[in-house]
Amino acid sequence: MISQAQDPVERDESADAQQEWEREIDAMLDAGALDGNAAQFAQPRGADLMRRIDALESWHAARSSHGVWQYSRALDGAPHPIASIRDEAGAAARGVNFASQDYLSLASHPAILEAAERALHDAGPHSAGSAVLLGNTEYSLRLERALASLLATSHITLFPTGWGAAFGAITALVQPGDHIVIDQFAHASLRQGASASRANVVVNRHLDVAHVRELLGAIRSRDSDNGILVVTEGLFSMDSDSPDLPALQVLCHEYGATLLVDVAHDLGALGPGGSGAIGNQGMLGKIDIVMGAFSKTFSSNGGFVATASRSVKRHLQLFAGPHMFSNALSPVQAAVILECIGIIQSNEGDDLRADLLRNVTLMRELLAGQGLHCMGEPSAIVPVLIGDEQVSRLVGKLLFRQSVFVNQVEFPGVPLGASRLRLQLMANHNSQQVKRGAQVIGEAVARAQDALAAAQARHPTRKAQQFGTR
Ligand SMILES: Cc1ncc(COP(=O)(O)O)c(C=O)c1O
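Procedures and definitions
Residues numbered from 1 in each chain as written. Predicted model: local features only at pLDDT ≥ 70, side-chain atom pairs only at ≥ 80, totals over all residues. Heavy atoms only, no water. UniProt positions renumbered as here; feature names shortened; annotations may be inferred. Helix = DSSP H or I, 4+ residues; strand = E, 2+ residues; numbered from the N terminus. Expected span 1.5 Å × (residues − 1). Buried < 20%, exposed > 50% of the residue type's maximum accessible area, 1.4 Å probe, protein only. Contact = heavy atoms within 4.5 Å. Polar contact = N/O pair within 3.5 Å; in protein donor to acceptor, adjacent residues only side chain to side chain. pLDDT = per-residue confidence, 0-100. Phe/Tyr/Trp six-rings, centres within 6.5 Å; stacked < 30°, edge-to-face > 60°. Lys NZ or Arg CZ within 6 Å of the ring centre and 35° of its normal. Core = buried A, V, L, I, M, F, W, Y, C linked by side-chain atoms within 4.5 Å. Domains from an automatic or database assignment. Near = heavy atom within 4 Å. Areas by Shrake-Rupley, 256 points an atom, 1.4 Å probe, with all protein chains shown as cover. Nonpolar A, V, L, I, M, F, W, Y, C, P; charged D, E, K, R; others polar. Pairing = 2+ DSSP bridges.

Draft legend 1. Examining the UniProt feature "domain: Aminotransferase class I/classII large" (unreviewed entry) in the protein chain more closely. Using the residue numbers shown here, the UniProt feature "domain: Aminotransferase class I/classII large" (unreviewed entry) corresponds to residues 96-441. As a span, residues 96-441 carries 44% helix and 17% strand, and end to end its C-alpha atoms are 12 Å apart.

Draft legend 2. Quick look at helix α13 (residues 347-369). In this model, α13 (23 residues) spans 33 Å end to end at C-alpha, consistent with the 33 Å of a helix rising 1.5 Å per residue. Those residues of α13 lying buried are Gly349, Leu352, Arg353, Leu356, Asn359, Val360, Met363, Arg364 and Leu367. On its buried side, α13 packs onto α12 (331-344), β11 (373-374), β12 (381-387), β15 (419-424) and α15 (431-458). At the N-terminal boundary of α13, the capping side chain belongs to serine 346, with an oxygen 3.2 Å from the backbone nitrogen of glutamate 348. Glycine 371 occupies a position one or two residues after α13 and carries a positive phi of about 85°.

Draft legend 3. Local environment of the confidence of the model for the protein chain. Of all residues in the protein chain, 97% attain a pLDDT of 70 or more, and the chain-wide mean is 95. Residue range residues 1-6 is modelled with pLDDT below 50. Its contacts to residues more than four positions away, or to other chains, number two contacts.

Draft legend 4. Seen up close, the packing of aromatic side chains. What the rule picks out here adds up to seven aromatic pairs. Judged by centre distance (5.9 Å) and plane angle (90°), the rings of tryptophan 59 and tryptophan 69 are edge-to-face. One end of the pair, tryptophan 59, is in helix α2 (residues 54-65); the other, tryptophan 69, is in the loop between α2 and β1 (74-76), with ten residues separating them in the sequence. The class for tryptophan 59 is buried, based on a relative accessible area of 2%. Summarising the aromatic geometry, the rings of phenylalanine 294 and phenylalanine 298 are spaced 5.6 Å apart at their centres and angled 75° between planes, so their arrangement reads as edge-to-face. Cluster of aromatic residues (ring-pair linked, three or more members): Phe41, Trp59, Trp69 and Tyr71. Arginine 63 extends its terminal NZ or CZ atom over the ring of tryptophan 59, reaching a point 4.8 Å from the ring centre.

Draft legend 5. Up close: the nonpolar core. One finds Phe304, Leu367, Leu423 and Ile441 to be the most contacted residues of the largest nonpolar core, which totals 97 residues. Both domains that furnish three or more residues to this core are identified here as domain 1 (39-100 + 349-458) and domain 2 (111-344). In terms of nonpolar packing, the next biggest core, distinct from the first, is built from 22 residues, Phe159, Ile170, Ala172 and Ala194 among them.

Draft legend 6. Spatial organisation of the site of the ligand. Among the 13 residues in the neighbourhood of the ligand, the closest are listed as Trp163, Asp262, His265, Ser295 and Lys296. Within the side chain of aspartate 262, one N or O atom sits 2.5 Å away from a nitrogen atom of the ligand. Relative to its unbound accessible area of 380 Å², the ligand is 83% covered by the protein chains. Of the residues that constitute the shell around the ligand, the class distribution is three nonpolar, seven polar and three charged.

Draft legend 7. Seen up close, the pairing of β15. By the criterion of burial, β15 is predominantly enclosed, with six of the six residues buried. Side chains of β15 alternate between two faces, with Ser419, Leu421 and Leu423 and Arg420, Arg422 and Gln424 buried alike. Direction of pairing for β12 relative to β15: antiparallel, over a ladder of six bridges. The residue bridging proline 383 from the neighbouring strand is arginine 422, located in β15. Alignment of strand β14 (residues 407-409) against β15, held across three bridges, turns out to be antiparallel. Opposite valine 409, over in β15, you have arginine 420 as the bridge partner.

Quick look at the structure:
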């Protein structure tokens, strides 16, 4: 029982902690650690190409010295639900990890580790060539067949990264004069591929099929000679939502366009037998071009393009830069992905997806119960909308202190003013970890919002720091 005499001491301690926290916030505001955004530094101008980017360095210094630079953290060890993390400035913490991409927890599965070891001893650590030269191995050839069967299609082109698959597919298939209709929230690899293709690019409102129809109609009313690629994702990586794939595919047929769907985040982790959003929507084997990354569910770097068209595979072989001019997937990577596909298609895969969904459902319920807005639909990605970048930077700092790790995302990952916490759940999280994560996140958001409102009241005329070029 707490004695009467202890009360004032406890109050003093919490008053001290509150004052210390206010001092910390004021110091951050003075240094401009919460001001600015990456958009200000994206297109530097001036004759000296190296000096003109100095302003970014001073912005980084202000943020990093106050523990609100969220990028380039490192894991000490494997990406498990409990992990040790080090931030860029060297601060270390061990806690609950919602910041790694290993949706079915296959990276720590004994069969996967054994497959990696076997391939390492069998075939060595690297592929020793581009896939177009002598970079293929027995493992990569088997992987092509297994992936074709998972996707109910016939031709697979492998890439060393998912980024390369997206960029390579678009730049190889689309020519200047062609058209691209791309969802406004498509991943950077797709958008950068679209820009690099020098096609005419138009952006459709997120998931808006009627808008896609309008854009396709406008393009075809003036150009029946050139190709059109419609680009979307099976599950959007920052929003956790899916487009109406049957409707988009029908539209593409109607307007003589081709549909490309990036399934990086859903293949393996969602859908019957791990068939992703495409399987969920009854579209297996019916999408023109499917591309994806192995880096979220298949425990490996790497990417692919899957089609029923031999010509597409042949064309990518010669004209997709990251396929031809980059070393192929290593045999270890190919063996790991192959083993993952086996698990994903088995009963064990069903169980792992059920575990993942249980964690996701609990996390979304607990966060929503604290008034937080979880965007999109249940998937391994749980995006928690914060909006204001200052609040989300403070939340990120508090979470790191409390040993709950999430990715705090702001521009250029998402639009300005739409910052969010992106949690990525795994099958092997347990309910205690999910409950602790949800509680700490709820408290951190409330604390950050209160602190900034109080700081605003203390300094009503404060002006944001500008970080101009030196
Ligand atoms: C939707 C989407 N496509 C492609 C990629 C690129 O994949 P990778 O990181 O494996 O190269 C990512 C990765 O973040 C992604 O989220």
